[in-house]
2 protein chains.
Amino acid sequence: MVIKVQGALMSLNSLISVKKATERIESLKFPLKSQNIPLETAYGRISAENICALLDAPPFDRAAMDGYALRSMDTVQSSPKNPLYLDVVDDIGAGESSNLKLNQNQAVRISTGAPIPPGADAVIMKEKVEESDFQIKVTEGVTIHQDVALKGEDFHRGDALLSEGQLLNPNQIALVASAGINQVKVVKKPAIGIINTGNELIEPTINPKPNMIINSNKYALIGLVGECLARSYQYLCKDDLEDLKKQLKQAAKSYDAVITTGGTAISKGDVVLEAVQELGEVLFHGVSIKPGKPLGFGIVDGKPVFMLSGYPVAAAVQFDFFVRPSLFRMQGIDFRMKFQEFEVGSEVKSAKDKFTVMRACLDDEIVYPLRTKAGINKSITNSNCYLILDEDTGKLNKGEMCPVIKYEDLRIC
Amino acid sequence: MVIKVQGALMSLNSLISVKKATERIESLKFPLKSQNIPLETAYGRISAENICALLDAPPFDRAAMDGYALRSMDTVQSSPKNPLYLDVVDDIGAGESSNLKLNQNQAVRISTGAPIPPGADAVIMKEKVEESDFQIKVTEGVTIHQDVALKGEDFHRGDALLSEGQLLNPNQIALVASAGINQVKVVKKPAIGIINTGNELIEPTINPKPNMIINSNKYALIGLVGECLARSYQYLCKDDLEDLKKQLKQAAKSYDAVITTGGTAISKGDVVLEAVQELGEVLFHGVSIKPGKPLGFGIVDGKPVFMLSGYPVAAAVQFDFFVRPSLFRMQGIDFRMKFQEFEVGSEVKSAKDKFTVMRACLDDEIVYPLRTKAGINKSITNSNCYLILDEDTGKLNKGEMCPVIKYEDLRIC
């Protein structure tokens, strides 16, 4: 099977490098719309704007403790031997305020968070004074602004609080709220059409016929797409060109991106490449990565179409290296694969001339590759990282350093 | 204010240790119900059962590559100089099967994933043979089981796939699907009633009156509760004992746990402790932690009530150390706070006799505490970890080791 690629001809025998494939995907932009939502529903969404504070926080000088607002200058000479008695002239509870201006040797009882009354410049904690009817006894000097939360000490009006492309976490949302903001512009959640192709695919059953295979990719992709903060819509399609074209056309029209599985190798009934080529354009097919070589990427109706393998392990690797970064970038998230170097716990060899991705276990700073066949899906759940050998690595001996991507670093939450 | 605690009397002057407070919360169990859900909706849920495979995976020997199924013994002498010609007697595409038994020097064209026909015991990749009409030319020896995914090689019927209390991630769900399972028993999502108390609390606005404070805790808690895989329901309550009792009673009846903010210190209008004591029981009030000392914990209508501070930073620390572990445990998740030791980048002092929690930045294996007042909410978003000094630490010099909890380790996703 030969696929037209940007005017050139290409078969699976000429593979492009992981770097080239990544560059080609990244060279295209698929920006999403944004929407205003109430701040109450912003947790876990991606900011579509830079957010600046609309007010100073606190907006006024406030008591930082339950106690008594006073004039610090009145207390300069007070000590246990020289106690100071202040007249308590008012009482400001939570949600209350007072316009009474403090005169010399006066104090106002005040609750945490209440505004400091005019004239006062400090608060003394209630535990530090002796209280009697209408008077307190102060036996220490109180410094100016003691236990006062000053206007603007958290942030000032105009201060940058949040950048475009940031995931809104609980404390950021609280900060935005305290900056006077009650709605926020976020990126629309991407909607992803998933088309699992294959005459052999069935839903989970305990009695599969020998010619049938449980469509586990559907279930993996629901979650993988979910990890990218996107919504997925699942379709199943037989290996039939016309049916697939119909579904693909509809999915490209309805969703922000399409992911297919299966039908990208060159065997009987592999129709995905053909369908994409007829409806739009195949930009590449075949990447020098193992597992995951038959990856295809194309455009239909202006939407990216990621053509993944039917093999679950290959599909997972293809998703992590090519689809995941793209779904994040689409949302304006500055996501980069995080490679870290660790010592390998045993000899490893790369596949010939291939960017080789092994499932591995990182334990106590040493990375151990799993010895496993490509079809062992349990190898994904039994591992915690990818061990990467690039095209030129060849062999690494035990104790040599090797790049690793932790699965936990693939997520942004 | 004096609170009855299990028959004893206790005021905020007698604080219990963080360890004791944790033990007291942990001594009580608040298990949640479970529910069966379709596997399609299981991503991000917590398994409420141990799951074992209902079948072998693969359930039959399958082709691992596109190629030709053959009898390996036929090929023992084949080489480029001594090529073997096999008759292609059938063609098994995806979703197809064949009951034709292979005889000597016969082969069957086969697609990846298709069942190996009777008599065959290996597959040779199509790239390795020369194909002509009804025949292939084999020029190498093929080992038994070459490119065959053997029945049960991924897992066997009865193998444990998943444990109770595990977060269902994409690849685990795919594994469960491939084990023949289409629904799963998960823990009911906890529903948490949040009651923010305070006459001074208002929704975000750019023109707050001096006596009003934007209720940022509501927004922080929506997200924090969300991080614990729970749903939150928000209520606002004035500092009024009867109103609060009414809301608290309703919330305890409706939800799996209640979180309050504000009203736990001993100042004018602090009514939360009183309300809990009248409706149920206060189990402790006052913990030797800084920030977060006025934490209260009680039971109303059999439900836990976490009484947090009104101060956002204190409430966040109380949530992370006491509420978060409890919400996880409620769901059967084996969550432990993960303390790691790092060098401190500057001198740090603990608050006298208090378990001291500082917001800090961990950078290149060195932890730097933020110098900040308690009211600086931005200190949470500007930090990436807690630096912990326990009651006995006193002072640590630059370069000494200190326990740290990374914020990322507080989440389980």
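Residues numbered from 1 in each chain as written. Chains lettered and ligands numbered in written order. Predicted model: local features only at pLDDT ≥ 70, side-chain atom pairs only at ≥ 80, totals over all residues.

A. Main features of the overall build of chain A. A tally of helices and strands in chain A yields seven helices and 30 strands. With the principal axes as the frame, chain A shows a C-alpha extent of 95 × 50 × 45 Å. Out of the 413 residues belonging to chain A, those deemed buried represent 52%. Partitioning the intrachain contacts of chain A with sequence separation of at least 6 by distance along the chain shows that 68% fall at a separation of at least 24. (Helix = DSSP H or I, 4+ residues; strand = E, 2+ residues; numbered from the N terminus. Buried ≥ 20, exposed ≤ 12 C-beta atoms within 10 Å, placed from the backbone. Contact = placed C-beta atoms within 7 Å.)

B. Representation of the pairing of strand E28 (residues 385-389) of chain B in the model. All names here are of chain B. Counting buried positions along E28 yields five of five residues, so the element is predominantly enclosed. Taking every second residue as pointing to the same face, both faces of E28 are buried, with Cys385, Leu387 and Leu389 on one and Tyr386 and Ile388 on the other. In this structure, strand E26 (residues 355-363) lies alongside E28, joined through five bridges in antiparallel fashion. The residue bridging Arg359 from the neighbouring strand is Tyr386, located in E28. Judged from the three bridges that link them, E28 and strand E30 (residues 401-406) form a sheet pairing that is antiparallel. Counted as the bridge partner of Leu387 is Val404 from E30. (Pairing = 2+ DSSP bridges.)

C. Highlighting the sheet that holds strand E10 (residues 130-132) of chain B. Residues and elements named next belong to chain B. In space, the six strands of this open sheet follow the order E9-E6-E8-E7-E11-E10, with mixed pairing throughout. Pairing within the sheet leaves two strands with one partner each, and these edge strands are strand E9 (122-125) and E10. Taken pair by pair, the neighbouring strands of this sheet meet at an average axis angle of 35°, ignoring direction. (Axes fitted to C-alpha atoms, helices over the stretch in contact; angles between N-to-C directions.)

D. Highlighting the domain arrangement of chain A. All names here are of chain A. For chain A, the domain assignment lists domain 1 (3-33 + 188-330), domain 2 (34-57 + 153-187), domain 3 (62-149) and domain 4 (340-410). Put simply, the middle of domain 1 and the middle of domain 4, counted by C-alpha atoms, are 25 Å apart. Counting from both sides, the interface comprises 15 residues of domain 1 and, opposite them, 13 residues of domain 4. When residues in the side of domain 1 that touches domain 4 are grouped by element, the largest group, seven residues, is from helix H6 (residues 312-330). (Domains from an automatic or database assignment.)

E. The environment of Ile412 of chain B, seen in detail. All names here are of chain B. Locating Ile412 in the fold gives a position in the segment after E30. Residues Ile412 and Leu370, 42 residues apart in the sequence, show an inter-C-alpha distance of 26 Å. Beyond its immediate stretch of four places on either side in the chain, Ile412 contacts Leu167, Phe328, Ile333 and Phe335.

F. Local environment of the confidence of the model for chain A. Residues and elements named next belong to chain A. With 96% of its residues at a pLDDT of at least 70, chain A reaches an overall mean of 92. A low-confidence stretch, residues 1-10 stays under pLDDT 50, and its non-local contacts, those more than four residues away or across chains, total 18 contacts. Reported confidences for the modelled complex are a pTM of 0.91 and an ipTM of 0.90. (pLDDT = per-residue confidence, 0-100.)

G. Up close: the pairing of strand E22 (residues 296-300) of chain B. Residues and elements named next belong to chain B. Counting buried positions along E22 gives four out of five residues, so the element sits mostly inside the fold. Bridge analysis of strand E20 (residues 281-285) against E22 gives four bridges, and the strand direction is antiparallel. The residue bridging Glu281 from the neighbouring strand is Ile299, located in E22. Alignment of E22 against strand E23 (residues 303-308), held across five bridges, turns out to be antiparallel. The partner of Gly298 across the bridge, within E23, is Val305. Between E22 and the antiparallel strand that follows it, E23, lie two residues; Asp301 among them carries a positive phi value of about 55°.

H. Inspection of the sheet that holds strand E8 (residues 106-110) of chain A at higher detail. Residue and element names in this part refer to chain A. The strand order across the open sheet formed by six strands is E9-E6-E8-E7-E11-E10, and the pairing between neighbours is mixed. The strands lining the two open edges of the sheet, one partner per strand, are strand E9 (122-125) and strand E10 (130-132). Across the sheet, the axes of successive neighbouring strands diverge by a mean angle of 35°, strand direction being ignored. Bridge count for strand E6 (residues 67-70) against E9 is four bridges, and the pairing is antiparallel.

I. Representation of the nonpolar core in the model. Judged by nonpolar contacts, the single largest core of 202 residues is most densely connected at Val176 of chain A together with Val176 and Val404 of chain B. Apart from residues no more than four positions distant in its own chain, Val176 of chain A is found in contact with Leu39, Ile51, Leu161, Leu162, Ile181 and Val184 of chain A. (Core = buried A, V, L, I, M, F, W, Y, C linked by C-beta atoms within 7 Å.)

J. Examining the relation of the copies chain A and chain B more closely. Of the two same-sequence chains, chain A is brought onto chain B (RMSD 0.0 Å, axial shift 0.0 Å) by a rotation of 180°. Expressed as a symmetry operation, the mapping of one chain copy onto the other fits a two-fold axis. Minimal C-alpha distance to the rotation axis in chain A is attained by Cys413 of chain A, lying at 3.6 Å. When the interface residues of chain A are mapped onto chain B, 100% of them again lie at the interface, so the same face is used by both copies. (Least-squares fit on C-alpha atoms with pLDDT ≥ 70 in both.)

K. Summary view of the interface of chain A and chain B. At the junction of the two partners, chain A supplies 76 residues and chain B supplies 76 residues. When contributions to the side of chain A that touches chain B are tallied by element, the ones reaching two or more residues are helix H2 (170-178), strand E17 (213-214), helix H3 (216-227), H6 and helix H7 (378-381) of chain A. No other element matches the nine residues that H3 of chain A contributes to the side of chain A that touches chain B. When its residues are assigned to classes, the side of chain A that touches chain B shows 35 nonpolar, 27 polar and 14 charged. (Nonpolar A, V, L, I, M, F, W, Y, C, P; charged D, E, K, R; others polar.)

L. Structural context of the packing of H3 of chain A against H6 of chain A. All names here are of chain A. Look at H3 against H6: their axes get within 10 Å of each other, and the N-to-C directions meet at 20°. Relative to H6, the element H3 is oriented roughly parallel. Taken as a pair, H3 and H6 cross one another with a handedness that is right-handed. On H6, the residues touching Ser216, Asn217, Ala220 and Leu224 of H3 are Pro312, Ala315, Ala316 and Phe319. Residue classes in the contact of H3 with H6 are distributed as six nonpolar, two polar and no charged. (Parallel < 35°, antiparallel > 145°, perpendicular 65-115°, else oblique. Left-handed = near helix turned anticlockwise from the far one by under 90°.)

M. Region of interest: helix H5 (residues 272-279) of chain A. Inspection of H5 of chain A places Val272, Leu273, Ala275 and Val276 of chain A among the buried residues, and these make up the whole buried set. Along the axis of H5 of chain A, the buried residues cluster in a sector spanning 165°; they form a single face. (Arc of directions from axis to C-beta.)

N. Quick peek at helix H2 (residues 170-178) of chain B. Residues and elements named next belong to chain B. Here H2 lies mainly inside the structure; nine of its nine residues are buried. Within the span of H2, buried status applies to Pro170, Asn171, Gln172, Ile173, Ala174, Leu175, Val176, Ala177 and Ser178. Positive backbone phi, at 90°, marks Gly180, one or two positions downstream of H2.

O. A look at unusual backbone geometry. Each neighbour pair has its own omega, and for Lys290 of chain A with Pro291 of chain A the value is -5°, a cis peptide bond. Along the chain, Pro291 of chain A falls in the loop between strand E21 (289-290) and strand E22 (296-300). At His145 of chain A, a residue that is not glycine, the phi angle is positive and equals roughly 70°. Among the structural elements, His145 of chain A can be located in the loop between strand E11 (135-138) and strand E12 (148-149). Backbone geometry at Asp353 of chain B places phi at a positive 55°, although glycine is not the residue there. Relative to the assigned elements, Asp353 of chain B resides in the loop between strand E25 (348-349) and E26.

P. Structural context of the environment of Gln331 of chain A. Residue and element names in this part refer to chain A. Structurally, the position occupied by Gln331 is in the loop between H6 and strand E24 (340-344). The spatial distance from the C-alpha of Gln331 to the C-alpha of Pro190 is 7.6 Å, given a sequence separation of 141 residues. Every residue in contact with Gln331, bar those within four places of it in the chain, is listed here: Leu32, Ile46, Val187, Pro190 and Leu229.

Q. Looking closely at the environment of Ser72 of chain A. Residue and element names in this part refer to chain A. Tracing the sequence through the fold places Ser72 in the loop between E6 and strand E7 (84-92). Judged by the 18 C-beta atoms lying within 10 Å of it, Ser72 falls in the partly exposed class. With 101 residues separating them in the primary sequence, Ser72 and Ile173 have C-alpha atoms 36 Å apart. When sequence neighbours within four positions are dropped, the list of residues in contact with Ser72 reads Asp121, Ala122, Val142, Thr143, Ile144 and Gln146.

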